[in-house]
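Listed below, chain by chain, are the residues.
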Amino acid sequence: MSVTALHVTVEGRVQGVGFRAYVEREAKQRGLKGWVRNRSDGRVEAVFMGEEEDVQSMIVACHRGPRMSLVRNVTSAPLPPGDWRGFEVWPTV
């Protein structure tokens, strides 16, 4: 079992299109822990922690996004695994 954690930023038309709800649903389906939130600059930010295969699958899902979104860029950086107990939607920063 290889647990990995990534900090992810998604750019494009990703606010006002249900992107956070999409990410929450997809992350929970994969059994991931972490969080997602909007940023005041128009990006969506998230942390995903779980099995490496599931986290990588979540990155692919972020590139796809929900139907009304238009994803232009997804960046990720590794994090040390945290103590998240589930997956949450956080307030905008």
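Structure: see above.
Structural notes, computed from the coordinates. (Residues numbered from 1 in each chain as written. Predicted model: local features only at pLDDT ≥ 70, side-chain atom pairs only at ≥ 80, totals over all residues. Heavy atoms only, no water.)

### Some details on the side chain of T9
Now for step 1: Here T9 lies in strand 1 (residues 3–13).
Now for step 2: Judged by relative accessible area, which is 9%, T9 ranks as buried.
Now for step 3: Excluding residues within four positions of it along the chain, T9 makes contact with R43, V44, N73, V74 and T75. (Helix = DSSP H or I, 4+ residues; strand = E, 2+ residues; numbered from the N terminus. Buried < 20%, exposed > 50% of the residue type's maximum accessible area, 1.4 Å probe, protein only. Contact = heavy atoms within 4.5 Å.)

### A look at the pattern of salt bridges
Now for step 1: Following the criterion strictly, the structure yields six salt bridges and no others.
Now for step 2: Among the salt bridges present, the one from E26 reaches R30, with a minimum N-O distance of 2.6 Å.
Now for step 3: Residue E45 is joined to R39 by a salt bridge in which the shortest nitrogen-to-oxygen separation is 3.0 Å.
Now for step 4: For R39, a relative accessible area of 24% gives the class partly exposed. (Salt bridge = Lys/Arg side-chain N within 4 Å of Asp/Glu carboxyl O.)

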